[in-house]
Amino acid sequence: MTTSETVWEIPEPLSTYEARVDDDTIVILRRHGNPEGPRLVLSHGNGLAIDLYYPFWSLLVDDFDLVIYDLRNHGWNTAGNLQRHNIPTLVRDHDRILDAIDRHYGEKPKAGVFHSVSALTTLLSPTKGSEFSALVLFDPPLCRPGASYEEFDAAALRTAAMARRRTPRFETREQFADLLSYIPAYYRAVPGVFELVARTTLRPDTGGEGYELRCPREYEAQIIDYASAFAVLVDFEAIYCPVKVIGADPTLPYSYLPTFDLSDVLIVDYDFLPEATHFLPLEKPEECAAAVREFLELTGS
């Protein structure tokens, strides 16, 4: 496949369901894959959309019952109240979404596959992973007190400032895709991802001309503002299910926030993907899918 020829066509879901997570917020669940297979629940990183991860999760559709969803104010969901767009709210949403999945699609064992902030909210849930048979978490934003916290916090402030400077509107999706080719964070992405980012993270402008970010830049930045305050609260010893953490290559300059080496935490199955940044599901989808399969087989999930 070449960059110019690769087009990722996301199939229509087998079904959709509007899960109400509070009085005025709906999160749209979508089902893909094999309904008879083991169930996987997937979500995405800050400012992105789960459809963007199609190069990764498309490798799982033949064997797994996939239920995917966008975080509030992202992707298929409408943009709502900025004041309530924060990590505690995302944690509550997470728990209500899992309840909705069981009610609508029927209860059966499910594993969670999450990236970045959706991985963090899973780890912070009061249910402590008890709803899952296993968790596979791609580069969750984590840090420890001390020097690593100070580095993480400083990086978060810089990243939030960059998010607030993002261009919010574009005349065409092609204009946005062209811009991504100059952004270092996407240099390692597989062919076709620039166009996929444009299709999955932009929506027609409400003013009637051009396109706007599905997750407005102020929303993206607000999550980053408080990332360090919550990233330090994760307690892996309290998680009830087996956990696999797959980090970015710690020797590379980080593209979002510093990756966290968990190799000294004996209760977590930790690994990292060489030559991969924080956007590893977009850079090495085959390796990420293989890691999911391997861990689920290892744990019997």
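Okay, so let's go over this structure. As a convention, each chain's residues are numbered from 1 in the sequence order in which they are written. This being a predicted model, a pLDDT of at least 70 is required before a residue's local features are given, and a value of 80 or more before pairs of side-chain atoms are given or counted; all residues contribute to the totals for chains, interfaces and linings. The side-chain quantities take in all heavy atoms of the structure and omit both hydrogens and water.

**So, the environment of Pro242**
Keep this limit in mind: Only DSSP runs of H or I reaching four residues or more are called helices, and only runs of E reaching two or more are called strands; each is numbered from the N terminus.
Within the fold, Pro242 resides in the loop between α8 (227–231) and β10 (243–247). Taking the C-alpha atoms as reference, Pro242 lies 36 Å from Leu180; in sequence the two are 62 residues apart.

**Some words on the pattern of salt bridges**
Applicable threshold: Only one rule defines a salt bridge in this text: a Lys or Arg side-chain nitrogen within 4 Å of an Asp or Glu carboxyl oxygen. Burial here depends on accessible area, computed with a 1.4 Å probe over protein chains only, as a share of the maximum for the residue type. Under 20% is buried, over 50% is exposed, and the range in between is partly exposed.
Overall, the coordinates contain 18 salt bridges when judged by the stated rule. We note a salt bridge from Asp63 to Arg293, for which the minimum N-O separation is 2.9 Å. Within this pair, whereas Asp63 is found in the loop between α1 (54–57) and β4 (65–69), its partner Arg293 is found in helix α10 (residues 285–299), the two being separated by 230 residues in sequence. Judged by relative accessible area, which is 38%, Asp63 ranks as partly exposed. Of the charged contacts in the structure, one is a salt bridge between Arg166 and Glu220, with a shortest N-O distance of 2.8 Å.

**Examining the packing of helix α5 (residues 173–180) against helix α6 (residues 193–201)**
For clarity, the cut-off: Here an angle of 0 to 180 degrees is reported between the N-to-C directions of two axes, which are lines fitted to C-alpha atoms, with helices fitted over the stretch in contact. Put simply, angles under 35 degrees are roughly parallel, angles over 145 are roughly antiparallel, angles from 65 to 115 are roughly perpendicular, and the rest are oblique. The hand of a helix crossing depends on one turn: near helix anticlockwise from the far one by less than a right angle means left-handed, and clockwise means right-handed. Should any heavy atoms of two residues lie within 4.5 Å, those residues are considered in contact. Put simply, Ala, Val, Leu, Ile, Met, Phe, Trp, Tyr, Cys and Pro go in the nonpolar bin, Asp, Glu, Lys and Arg in the charged bin, and everything else, Gly too, in the polar bin.
In the contact formed by α5 and α6, the axes pass within 8 Å of each other and the chain directions differ by 130°. One finds that α5 runs oblique with respect to α6. Considering how the two elements wind past one another, α5 and α6 form a crossing that is right-handed. Where α5 approaches α6, its residues Arg173, Phe176, Ala177 and Leu180 are matched on the opposing element by Phe194, Glu195, Val197, Ala198, Arg199 and Thr201. The residue makeup of the contact of α5 with α6, split by class, is 6 nonpolar, 1 polar and 3 charged.

**Digging into the nonpolar core**
Selection rule: Remark: nonpolar core denotes a set of buried residues (Ala, Val, Leu, Ile, Met, Phe, Trp, Tyr, Cys) joined through side-chain atoms within 4.5 Å.
Counting 46 residues, the largest nonpolar core has Leu40, Leu42, Phe56, Trp57, Phe138 and Tyr186 as its most contacted members. Sorting elements by how many residues they give to this core places α10 first, with 6 residues. In this view, Tyr186 contacts Leu48, Leu180, Val193, Phe194, Val197, Phe279 and Leu282; residues no more than four positions away in its chain are not counted. Counting 38 residues, the second-largest nonpolar core is a separate cluster that includes Tyr69, Ile87, Tyr105 and Leu123.

**Quick word on the sheet that holds strand β9 (residues 211–213)**
Whether parallel or antiparallel, the strands of a sheet pair through hydrogen bonds between backbone atoms. Worth spelling out the cut-off: Paired strands, in this sense, are two strands between which DSSP finds at least two bridges.
Spatially, 3 strands are ordered β7-β9-β8 in an open sheet, and the strand pairing comes out antiparallel. Each of the sheet's edge strands pairs with one partner strand only, and the pair in question is β7 (169–170) and β8 (202–204). Sheet topology places β7 next to β9; 2 bridges connect them, and they run antiparallel. Its bridge partner being in β9, Phe170 is matched across the sheet by Tyr211. Strands β8 and β9 of the sheet are contacted by α6, whose axis makes an angle of about 50° with β8.

**Quick word on the packing of aromatic side chains**
Selection criterion: Side-chain rings of Phe, Tyr and Trp, where Trp is taken by its six-membered ring, are said to pair if the distance between their centres is within 6.5 Å; with planes under 30 degrees apart they count as stacked, over 60 as edge-to-face, and otherwise as tilted.
Throughout the structure, instances matching the rule amount to 6 aromatic pairs. Taking 6.3 Å as the distance between ring centres and 80° as the angle between the ring planes, the aromatic pair formed by Trp8 and Tyr54 counts as edge-to-face. Linking Trp8 in the segment before β1 (15–22) with Tyr54 in helix α1, this pair joins segments that are 46 residues apart in sequence. With respect to class, Trp8 is no different from Tyr54; both count as buried. Between Phe56 and Phe138 the ring centres are 5.5 Å apart and the planes differ by 80°, which places this aromatic pair in the edge-to-face class.

**Some words on the pairing of strand β2 (residues 25–33)**
Across the 9 residues that make up β2, a large majority, 7, are buried. Note: β1 against β2, 7 bridges, orientation antiparallel. Opposite Glu18, over in β2, you have Ile28 as the bridge partner. A loop of 2 residues connects β1 with β2, the two strands running antiparallel in sequence. Note that β2 and β4 share 5 bridges and pair antiparallel. Opposite Leu29, over in β4, you have Tyr69 as the bridge partner.

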